[in-house]
Structures are given as structure tokens and as C-alpha cells.
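Remarks on the overall topology
Here's the letter readout for the chains.
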Amino acid sequence: MSDIRCIGICTGGGDAPGLNAVIRAAVKCAFLKYQWKVIGIPDGFDGLIWPERSRELTLKDVSGILPRGGTILGTTNRGNPFCYKTVENGHEVIRDISDEVIANAAKLGIDAIISIGGDGSQKIALDLFRKGMKIVGVPKTIDNDLSATELTFGFDTAVQTATECIDKIHTTAESHHRIMVVEVMGRDAGWIALEAGIAGGAHVILIPEIPFTVENICNYVTHREGYGKRFTIVVVAEGIKLPPELKQISRGGSVGMLIGDAISLVSRKEVRVSVLGHIQRGGSPTPFDRVLATRFGVAAVDLIAQGGFGKMVCLQQERIKAVDIADAVGLMKAVDPQGELVRTARAIGICFGD
Ligand code: F6P
């Protein structure tokens, strides 16, 4: 029999469509299955610095939030109670306020916490767990680059949004006989670029996992022209590794713009660039993401009931499981350049610039 009466829930790191679906599922399951009280902690673990800002989440509070993007709790990708930045006597100081955060959680009557977040948030959750906090994790990132889980919610929505945008770019590119570059998110991995690129019928896909040259891209454009295709769509993941000649001129701005300029210079053709940016993080989650987020939310509550602290829920072989957060943090899931998805793309003539 669990001694849990009240749980806290917080969302940390960049938002992702489906966060509200996790919150809703966790509140419903905690209340209906276990009769626990749930406290919503605002803005990640930062919320525990000012406990008075936390508030109870009732069934009424989560009613209607399933289709909403963002997070009703707010989030931050800066806060870390182990190295909290503050200004004292006009100087910036970094302090470890984790004891305060743990004490404030106890003051609120919180017996255990669900931390929904990406790798950075899970690392903080692990450190708090090691200091005695009862905590479970729910993985989140639109980039889908956490190795412990086959999928993270938000990714499907981001791919859908990016695909719709590529579809729209397609018609104008074809009409104007232009090269169109579309920059998508993916800080370290090329999953969004690869899947949205395939789904949107891109001709060139550039991802961090596959080195490329601008010359190869331009040769491919010429090759397409050889069989009458006078337009080319280039999907670029924001995290691509630039070849040395581009690294030299990069000013740290949009890589899509940089690639567009370089292609235009070498090919002497008209190029237009669209940077999709945070559009991919917004909007209503797809049904797939809503279901995955709901499964994660329920599994996190069950994990607390079973005393599975220090663990994170995940999806493996299409089933919801739990892994030790310690074994999950810092392990990135990159696209396999020899994997089936890349081979499929190559088989239909998609160029990776290599
Ligand atoms: O990790 C998710 C992500 O959306 C990345 O794809 C992107 O590089 C980053 O977050 C953007 O973060 P921010 O919201 O701080 O600009």
C-alpha cells in the first residue's frame, strides 16, 4: 500500500505539443484511480523556489486542455536549482538552492513529483532523486532524440506541421522554378528533417548525422534539371554540421539562410529560404501525440504508486515501460546514416548532399 497522498507535477525545458495531455492524464489518473491530490508547479523546478505560486490541479482545471498546445503550467529551459543564477549586490552569483526546493516541496505536502521534460530536466530530476526526492520522469522533446524511448510526444505533431509547410513550399517552388530551402528544428538529430522531408517529398535532406557539401547539392540540382525538374526542395535540420568552407563564414545565424546563400552562389540560381522555427513546437497535438502523452501520464502515476522513483516512463517496442533515469540521461538517439529510413529515402532518389 502506497503512502502517497499528494503529488506535484511540473514541465521543464522547451514546450512540446502533448504536455497538457500528460498533465490531464496524470491529474485524472491520480484522482480517479488513487484519490491523490495533485499540485501544479509553475515553470519547471523554478516553481518550487516560490511555493506560494503552486496550486492544486483539480479535474476542472484539466478539463478541455487535451487539444491545447503548450503547457498550462508554464516552463523554462533555464532554471536549474543546482546552479541557480541570481543577482546579489549587483553581481551575478550562482547558488545551489536544491535543499530549498526540496524543503518547499515538503512544505506544500508533496510526497512525489512527476517531472515532464527533456534531457536537461531529467538530469535535474536525477540529481534531486539522489538527494532523496521521490521523483519520476516523463520524457519530452519534439526532436525525438532521447535514446531511452522510441518516441517522444510532440514529434509527430512537429513532423506534421513541417510536412504541411513543405507541401505549401512545393507549389510555389514549382511555379517559380526555384530552389527552396526549408529549415526545420532538430538541434542535435535529424529526425524531423528526415521524416518531414520524406513525407513532404523533399529532394535534398541535410541532417547532422550525414556530412554534405554544397557542390554535391548543386550537382544534384543540375541532375534534376537534366530530366526536366526545374525546382528543388532542400530540407535542412538546424543542427547540421557545416563543411569547413561554410563554417568560416557562419555568423551563428540561421543555417538555412547560410545554405541558401551558398547554393545560390555556387549554382547561380534563385533560392528562397523559409525558417519554420517555433511554429513546429506550437499548435494542437496530433491524435498520436495525445494518445502517447496520455499513456505516459498514466504510467508516471502508476510508477509513483509502485514506488518506482528515479525512473522515467518510455516507449519500447510499442509498449510503455520504465527505465532508470540514470541510464537514460545524456544518451542521444541519432539517425543511423545506414538505417532503413535513410536507405528508403536514398532508394527514391533523395539526396543527402554526401
Ligand atoms: O529541443 C527542442 C528544440 O525545439 C530544438 O529543436 C531547438 O533547437 C530548441 O528546442 C529551441 O529552443 P528555444 O525555445 O530555447 O529557442
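The rules behind each value
Residues numbered from 1 in each chain as written. Predicted model: local features only at pLDDT ≥ 70, side-chain atom pairs only at ≥ 80, totals over all residues. Heavy atoms only, no water. Domains from an automatic or database assignment. Contact = heavy atoms within 4.5 Å. Buried area = accessible area lost by both parts, 1.4 Å probe. Salt bridge = Lys/Arg side-chain N within 4 Å of Asp/Glu carboxyl O. Polar contact = N/O pair within 3.5 Å; in protein donor to acceptor, adjacent residues only side chain to side chain. Pairing = 2+ DSSP bridges. Helix = DSSP H or I, 4+ residues; strand = E, 2+ residues; numbered from the N terminus.

What follows concerns the domain arrangement of the protein. Taken domain by domain, the protein comprises domain 1 (6-153 + 285-328) and domain 2 (157-281). Computed from C-alpha atoms alone, the centre-to-centre distance between domain 1 and domain 2 is 35 Å. The partner domain 2 presents 12 residues to the 11 residues of domain 1 that form the contact. A buried area of about 930 Å², summed over both sides, lies between domain 1 and domain 2, and 52% of it is on carbon and sulfur atoms. The three residues of domain 1 that bury the most area against domain 2 are I142, D143 and T286, which together make up 51% of that side's buried surface. Where domain 1 meets domain 2, there are one salt bridge. Here D15 makes a salt bridge to R281, at a shortest N to O gap of 2.8 Å. Taken together, domain 1 and domain 2 are joined by four residue pairs in polar contact (both at pLDDT 80 or more).

Now for the pairing of strand β4 (residues 84-88). Two strands pair when backbone bridges link them, and β4 and strand β5 (residues 91-95) are joined in this way by five bridges, in the antiparallel orientation. Residue Y84 lies in a different strand from β5, and its bridge partner there is R95. Following β4, the chain reverses through two residues before pairing antiparallel with β5; N89 in that reversal takes a positive phi of roughly 50°.

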